[in-house]
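Observations on the three-dimensional arrangement
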Protein chains: 4
Amino acid sequence: MRKDNFMAAKIRVTVWNEFRHEKKNAKVIAHYPNGMHAVIAAHLNQQEGIVAKTATLDEPEHGLTDEVLAATDVLTWWGHLAHHEVSDKTVDKVQARVLEGMGLIVLHSGHHSKIFRRMMGTSCNLRWREADERELIWFVNPGHPILQGVQSPIILPKTEMYGEMFDIPQPNELLTISTYPGGEVFRSGCSFTRGAGKIFYFSPGHETYPIYHDPNIQRIIANAVRWAMPTGSMKLECPMSPTGWFEKK
Amino acid sequence: MRKDNFMAAKIRVTVWNEFRHEKKNAKVIAHYPNGMHAVIAAHLNQQEGIVAKTATLDEPEHGLTDEVLAATDVLTWWGHLAHHEVSDKTVDKVQARVLEGMGLIVLHSGHHSKIFRRMMGTSCNLRWREADERELIWFVNPGHPILQGVQSPIILPKTEMYGEMFDIPQPNELLTISTYPGGEVFRSGCSFTRGAGKIFYFSPGHETYPIYHDPNIQRIIANAVRWAMPTGSMKLECPMSPTGWFEKK
Amino acid sequence: MRKDNFMAAKIRVTVWNEFRHEKKNAKVIAHYPNGMHAVIAAHLNQQEGIVAKTATLDEPEHGLTDEVLAATDVLTWWGHLAHHEVSDKTVDKVQARVLEGMGLIVLHSGHHSKIFRRMMGTSCNLRWREADERELIWFVNPGHPILQGVQSPIILPKTEMYGEMFDIPQPNELLTISTYPGGEVFRSGCSFTRGAGKIFYFSPGHETYPIYHDPNIQRIIANAVRWAMPTGSMKLECPMSPTGWFEKK
Amino acid sequence: MRKDNFMAAKIRVTVWNEFRHEKKNAKVIAHYPNGMHAVIAAHLNQQEGIVAKTATLDEPEHGLTDEVLAATDVLTWWGHLAHHEVSDKTVDKVQARVLEGMGLIVLHSGHHSKIFRRMMGTSCNLRWREADERELIWFVNPGHPILQGVQSPIILPKTEMYGEMFDIPQPNELLTISTYPGGEVFRSGCSFTRGAGKIFYFSPGHETYPIYHDPNIQRIIANAVRWAMPTGSMKLECPMSPTGWFEKK
């Protein structure tokens, strides 16, 4: 739990990236020479009240040591090729931190990451097609703070298609629905709570396009960080209560 | 819509009160000599980033002129004896402002107000009993920002009982459940969205007890004001679209 | 409340129609010489366990007398040109019956009917365009009984476009999302509960196309009737409880 | 997916039980000499349209072979002492079947079973106390088919206390809230969907009390079986779509 006056302290973000595509695919390197995490973190560090660091798969413990996780208010997650290389021990720790209240923002192909599937309980499968197609991202929750300052629909000129049926539990809130020239639709922005933690899934972000340079996408990720920061008031406990609760006080 | 940098401007609250009990019932006057609205507004005005004014039933237009409503980010509502005296024209205007994005916090017996029933579409009936009983308010959404800084359960030593079946639509989020010595339960903290507006119903606040002097209740109302302030990005429109949307750009 | 053994009795449906387009527009008459209600009711009457009657705007009391409503388990509603001609008294009665448990299925332009807006508390506005376009109806809730026996996506070769932002409360369940060649999306199948009643909104059904002759659309309406029939166990009451509930037993 | 006419075939239930308490605890044996599963299955087999078999932990593959799971429409689950003895391979298979559409009804201490925690993604922790206390089960979703034919509140004269905070995702539907003399509350009846499968958690059922002999509890379990049976229409797929969807038709 962060301290009571939520204005006083900066939100501490860890931007996690698999960081493999950016080492071998020229199209990806052209957009993200230092990795997608570098671009995402740089934008977040320009925001008032946010401080972002990065962590990647090939660092020791994937860059997510106990110390890093304990000092993370919101974790963003991008992975694709190497979901299976993330250790189960790390997934256990991240899950525990989310239940304690750490925010989790899952991006694009992170839908198939171990941590997202763990938190959802479903396959998180979807339809997909790589064909340089336009995506329109329509808003269906017009007052949601994650959408603040952005107009509907967002237009991404070229993207990968993600389509329904997206096998996730019913989101707490559906924020955006995307559509593509092939006629498919996709619930592209979805919020969930698990324990004391808030989770936001946001599908834009295919690695061969400069999507994380798009100001609308950047704004939504920054808004999501603010929305997902730990708030609330309870520790989750499983105590035995030998007598009636109120008599103990 | 408030301007983009949500840190910069203060949240403008109008605390609305029927203000009748406080003019004729000695028990109520003892706790609220200037009305419940005065106590609620005074506490809100001590909060960083919030400025609160008041409005009451017997003022012209119930104190809710077009100017007042246009300058209100969040409206709180307490009524009981005189729901029927609130003009339908005012209810129409408040509904329109909520759909545009104004937050609405409905307190205690406001469950039967015209505006709450209008926004819900149901009877908003419930069970009740006045018997000086203890209420325990348990949290079931531990990460919710409205509960920040308060421990579960809140104990109110003496209150009026409100019990299920509470005839409301399924809330977007259920935050708290209350229980009473009679064995009843009540969904005492519920959030909804309608249009671009956020609505929070919170049941504590019977007029014959000093509940709005309770620091936990005050904190939750202030948290709810911050949660309910207008955010998001869309104007709600109903345009005819003569050609495909994206072709117009 | 229907009697306990829900298999034993037939579900009694009243198919309500404004029945104005079918009297003056040759394109509509070509598809529905006796009115859309006649086609919908005829299909329902072919289903095991369902018996359907019809009612229309220009009948006395719009065909919805107290006797008719009391004998209706599920009401379907199609209106467009003459929403304002439906009497408020009838809307009051229909709302009361829904809260008691009567199912309500709102079709197409019924989104702007008095009864739907009353139950929702919002404007129920949406975008629209008449341009003979194809609609794809994708399923996002694959286990829902309303979708049983139909494959996703349903293709309607020519239809009217309905697009977001659709100003409704967050549905209890989102079943289908539609898309159109213009790139728009629409939450075309949404379920709600209000009181003891179940409500299903389903957007297909523009009067100038033979959509209610489509076997997939017919199947979904019949499934929705089965889903919306009164079940459950409570009368909604607002009693005063002079002593603790359990002590009265 | 079950065949199209859902009236024609019987719902095939497998009642799973850990079946350990009933072999060593005299209090439990007094109520359930042949195991709780025997009582639950016997009641279900008296219902029209339902056929129930049983399976227990100590059978080969815990009684849940591929053949048994393939022939199960709805699985009920009671476990407590030996959650860790259920093989991960079986949990994998049950999860896959739920995502395909098999219903899952999790009873009482099954809240901590591997399969429930797997489907939820959370700890599923709760408060508890064994003190022979009365439970009142209040209904908050009066039209829900799972509550059909039962009056609110159900009274259980002696039970174990389960209390909030119950660490589950927000349920799709909250059906019942329980309260106890200690003043605690508990979301005792909750529905979820995962993939094409429906899940119902229902907390009553402590092994030292004759709760599964209670006609109200029996009725709710039978209603839940009918609600949870496979319906809907989609296979969950993750295909690559080389061209636009509609162009393939």
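Residues numbered from 1 in each chain as written. Chains lettered and ligands numbered in written order. Predicted model: local features only at pLDDT ≥ 70, side-chain atom pairs only at ≥ 80, totals over all residues.

With that settled, the discussion passes to the interface of chain B and chain D. Contacts between the two partners involve 13 residues from chain B, matched on the other side by 13 residues from chain D. Classifying every residue of the side of chain B that touches chain D gives nine nonpolar, two polar and two charged. (Contact = placed C-beta atoms within 7 Å. Nonpolar A, V, L, I, M, F, W, Y, C, P; charged D, E, K, R; others polar.)

Looking now at the pairing of strand β9 (residues 197-202) of chain A. A regular strand places its side chains on the two faces of the sheet in alternate fashion. Residues and elements named next belong to chain A. Of all six residues in β9, six are buried; the element is thus mostly enclosed. Relative to β9, strand β4 (residues 103-107) runs parallel, the two sharing four bridges. Residue pairing in the sheet places valine 106 in a bridge with tyrosine 201 of β9. As judged from the six bridges shared by strand β8 (residues 185-194) and β9, these two strands associate in the antiparallel manner. Among the inter-strand pairings, cysteine 190 is bridged to a residue of β9, identified as tyrosine 201. Adjacent in sequence and paired antiparallel, β8 and β9 are bridged by two residues, among which glycine 195 carries a positive phi angle near 60 degrees. (Buried ≥ 20, exposed ≤ 12 C-beta atoms within 10 Å, placed from the backbone. Helix = DSSP H or I, 4+ residues; strand = E, 2+ residues; numbered from the N terminus. Pairing = 2+ DSSP bridges.)

All names here are of chain C. Across the ten residues of helix α3 (residues 36-45), seven count as buried, placing the element largely inside the fold. Buried residues of α3: Met36, His37, Val39, Ile40, Ala41, His43 and Leu44, and no others. Elements in contact with the buried residues of α3: β1 (11-17), α1 (21-24), β2 (50-56), β3 (74-78) and α7 (215-228).

Moving on, we come to the sheet that holds strand β6 (residues 154-163) of chain D. Residues and elements named next belong to chain D. What the nine strands build is an open sheet, ordered β2-β1-β3-β4-β9-β8-β7-β5-β6; its pairing is mixed. In this open sheet, the two strands that pair with only one neighbour each are β2 (50-56) and β6. Pairs of neighbouring strands in the sheet enclose a mean axial angle of 25 degrees, with direction left out of account. The pairing of strand β5 (residues 127-139) with β6 spans eight bridges and is classified as antiparallel. Bridge assignment links glutamate 130 to a residue of β6, and that residue is glutamate 160. Here helix α3 (residues 36-45) sits on the sheet in contact with β1 (11-17), β2 and β3 (74-78), set at roughly 170 degrees to β2. With respect to the sheet, helix α7 (residues 215-228) is in contact with β1, β2, β3, β4 (103-107), β6 and β9 (197-202), its orientation differing from that of β9 by roughly 165 degrees. (Axes fitted to C-alpha atoms, helices over the stretch in contact; angles between N-to-C directions.)

Before going further, it helps to spend a moment on the confidence of the model for chain A. Residue and element names in this part refer to chain A. Residues of chain A with pLDDT of at least 70 account for 90%, and the chain-wide mean is 91. Every residue in residues 1-7 is under pLDDT 50, and counting partners more than four places away or in other chains gives twelve contacts. Low pLDDT, under 50, characterises residues 238-249; the predicted model gives this stretch 23 contacts beyond four residues in sequence or across chains. Model confidence for the complex is summarised by a pTM of 0.95, with the ipTM given as 0.93. (pLDDT = per-residue confidence, 0-100.)

Before going further, it helps to examine the relation of the copies chain B and chain D. You can overlay chain B on chain D at an RMSD of 0.0 Å; the transform is a turn of 180 degrees with a shift of 0.0 Å along its axis. Classification of the inter-copy transformation places it as that of a two-fold axis. Of the residues that chain B buries at the interface, 100% are likewise interface residues in chain D, meaning the two copies contact each other through the same surface. (Least-squares fit on C-alpha atoms with pLDDT ≥ 70 in both.)

A few words on the packing of helix α3 (residues 36-45) of chain B against helix α7 (residues 215-228) of chain B. All names here are of chain B. Close contact between α3 and α7 brings their axes to 10 Å; oriented N to C, the two are set at 65 degrees. Relative to α7, the element α3 lies roughly perpendicular. Here α3 and α7 pass one another in a crossing that is right-handed. Here α3 contributes Ile40, His43 and Leu44 to the contact with α7, which in turn contributes Gln218, Ile221, Ala222 and Val225. Taken together, the residues of the contact of α3 with α7 sort by class into five nonpolar, two polar and no charged. (Parallel < 35°, antiparallel > 145°, perpendicular 65-115°, else oblique. Left-handed = near helix turned anticlockwise from the far one by under 90°.)

Here the focus is unusual backbone geometry. Going from serine 152 of chain A to proline 153 of chain A, the amide bond is cis rather than trans, its omega being -5 degrees. One can find proline 153 of chain A in the loop between β5 (127-139) and β6 (154-163). Between glutamate 164 of chain A and methionine 165 of chain A the backbone carries a cis peptide bond, its omega angle lying at 20 degrees. Take methionine 165 of chain A: it is sitting in the loop between β6 and β7 (173-179). Despite not being glycine, histidine 62 of chain C has its phi angle at roughly 55 degrees, a positive value. Relative to the assigned elements, histidine 62 of chain C resides in the loop between β2 and α4 (66-70). Its 21 C-beta neighbours within 10 Å are what place histidine 62 of chain C among the buried residues.

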